[in-house]
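# Examining the three-dimensional arrangement
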Amino acid sequence: MAFVEESYDVVVVGAGHAGCEAALACSRLGLETIVFTVSVDSIALMPCNPNIGGSSKGHLVRELDALGGEMGKNIDKTFIQSKMLNKSKGPAVHSLRAQADKQAYTREMRKTLENQEHLTIRQAEVSEVLTIDLDDGSKKVTGVKTTSGAVYKGKSVILCTGVYLNSRCLTGDLIEYTGPNGLRSATKLTDSLINNNVRMFRFKTGTPARVDKRTLDFSKFEVQKGDVPIIPFSFSSDFESIQKEQVDCWLVYTNENTHNIIRNNIDRSPMYNGSIEGVGPRYCPSIEDKVMKFPEKDRHQIFIEPEGLYTNEMYLSGMSSSMPEDVQYDMYHSMEGFENVHIVRNAYAIEYDCIDSTQLKSSLEFMNIDGLFAAGQFNGSSGYEEAAVQGLMAGINASMKLLNRPAIILDRSQAYIGVLIDDLVTKENFEPYRMMTSRSEYRLLLRQDNADLRLRKIGHDIGLISDEEYQKTLNKIDLINKEMDRLKNTYVSNSDSVNEFLIKNHSNALNSGVSLADLIKRPELDYELLKEIDVNRPSLPYLVREEVGIEIKYEGYIKRQLSQVEGFKRLESKRIPLDIDYNEIKNLRLEARQKLSRIKPENIGMASRISGVSPADISVLLIYIESYKKDKA
């Protein structure tokens, strides 16, 4: 019997947000790439929330864009509302979030993939990862096999299976063995991975019901408008042309009646009656979790978000559930404005197989399977944005490996992407990992507004950012530096008009001259406000003005974080020999030996962040490495 056999440079398994970025990165770097999906109609599917970005996630998307990824460009083409979150707080936590037209988003991304040179799309279920044994006991990937028996040889393989591996959806007692939105699950691949000694976890996530817009009473909701002006996600998008009319979202609250319905039926929830095996996300709890774990709260906010311009489906953000269908109706009918609501799609929980991500190097390549990379929810993370940046980095590093170039490793001081990947490969995550601004030690340096200034050069060096786009960034940097110099060297006197302006804006009057930069540093003033007394101010683009204002106002704090980064870099620069045997280090505690042997940290900084490795263990390790190097010499 004859079987299909084809050869590629890179094989990508899965075409969700991780798979799309991985496939595009590899093909754009000139490698012949094939991407597999269980359904071509599910490319870049948004099975849960209809938005991109959000707190900390917006940082990831802008960093991905700065490096040459596609998600930021795609949401700029297809958004229907945009907001900058946390504007009442400092710039370190400002984060962009855009409502997407779901159908338009997946359609646009599919069009991008279909028209990308060196990229082939294939609808099929991958059942095996093919490997060969190496002399040192490790393995090397050689390609994949599909359920039809076809073999696709690949020098590198990137696994981006999302939530499809052995997935099952639960709504009360109803259990359906499908992927999200009723798509088929992938039931064969897990066994192949286990046979290749890959450690697997079972995780769970969930999604709210979608309801019919025509059955809601909007007079009882609080309207949520988009921002003006609109800030684009992509640094390549034109600021002026992206300004457009936006749709509204709405805010409503649960009430004590809603909570009583949940409490009275909690034994029917798969999460509470033992039907669910997987571990769910701590920072995106279901509505039943919120009610049971926070009994003191008499209400929880729910955002009503349109799924697109050409549908009446509305997404109920904050109300994911796995309750039975009849309980879901009772819950929704108990809320103001929902008295006559009709459900279009039930809420459900979904369980799936994923890996223990501490098996990966910082490049997202498996330690013991040469050429096999992993990205996205398959790595135990949650969210479209976390998936996309991992897909991009896995795609870049699979390409770098085949092009005989060094891997691109972003550290914790360079990008949120670096924080995310470092956390995945060093920390034991027994629940879906979610990015948060609090996870970053240097978040004042890693703001969403300066992602292009931090990372555009790296994207250009990789080959994913064009000369033209990089030149735009250099021009922007030049404008920022010139304007900052001008503000530091432009002084205003204690004239009546200046003091009048200061008093009007609740600031102390001047006794002597002061630079404009010093005035910007006052808490009650900012760059835009000072325009009134800054008579020679040049006309600058909005994003340049924003950057100048932040850099000057927070200059002292930024300098302090830069000095902290120097200490961090010293630890990161202390490499750990690859062939070190931790069991030979007598003064290391047993737990530290076990964790270090399993995770194999690349440097001392990475070793210090492993749970179960103490500062005393690090001291022992440093002494041992010095003697180890002398013995080798």
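Residues numbered from 1 in each chain as written. Predicted model: local features only at pLDDT ≥ 70, side-chain atom pairs only at ≥ 80, totals over all residues. Heavy atoms only, no water.

## Comments concerning empty space enclosed by the protein
- Enumeration over the complete set of coordinates arrives at 3 cavities of 30 Å³ or more.
- Taken as a whole, the largest cavity holds about 60 Å³ of empty space.
- Forming the boundary of the largest cavity are 13 residues, of which K204, T205, G206, S286 and S320 lie nearest the centre.
- Secondary-structure elements contributing two or more residues to the lining of the largest cavity are strand 12 (200–207) and strand 19 (348–355).
- In terms of residue count, strand 12 provides more of the lining of the largest cavity than any other element does, 3 residues in total. (1 Å grid on protein atoms, 1.4 Å probe; cavity = no way out; pocket = protein on both sides within 12 Å on 5 of 7 lines; lining within 4 Å. Points joined across faces, edges and corners; volume = space filled by probe spheres on them. Helix = DSSP H or I, 4+ residues; strand = E, 2+ residues; numbered from the N terminus.)

## Thoughts on the pattern of salt bridges
- Across all of its chains, the model carries 63 salt bridges by this definition.
- Three or more residues are tied together by salt bridges with common partners; here these are R199, D356, E428, R589, E591, K595, R598 and D617. (Salt bridge = Lys/Arg side-chain N within 4 Å of Asp/Glu carboxyl O.)

## Structural notes on the sheet that holds strand 16 (residues 301–306)
- Overall, antiparallel pairing links the 6 strands, which are arranged 14-15-16-17-13-18 in an open sheet. Unpaired on one side and paired on the other, strand 14 (222–224) and strand 18 (343–345) mark the two borders of the sheet. Each neighbouring strand pair of the sheet contributes to a mean axis angle of 35°, computed without reference to strand direction.
- Summarising the sheet, strand 14 and strand 15 (residues 249–253) pair through 3 bridges and their orientation is antiparallel. By the bridge assignment, E222 is partnered in strand 15 with L251. (Pairing = 2+ DSSP bridges. Axes fitted to C-alpha atoms, helices over the stretch in contact; angles between N-to-C directions.)

## A word on the packing of aromatic side chains
- Inspection of the entire model under this criterion finds 10 aromatic pairs.
- An angle of 85° between the planes, with centres 5.5 Å apart, marks the rings of F218 and F221 as edge-to-face.
- Three or more aromatic residues joined by ring pairs form one cluster here, namely F218, F221, W250 and F338.
- In this structure, R299 is placed above the aromatic ring of Y253, and the distance from its NZ or CZ to the ring centre is 3.6 Å. (Phe/Tyr/Trp six-rings, centres within 6.5 Å; stacked < 30°, edge-to-face > 60°. Lys NZ or Arg CZ within 6 Å of the ring centre and 35° of its normal.)

Note that all results are geometric; they support no functional claim without further evidence.
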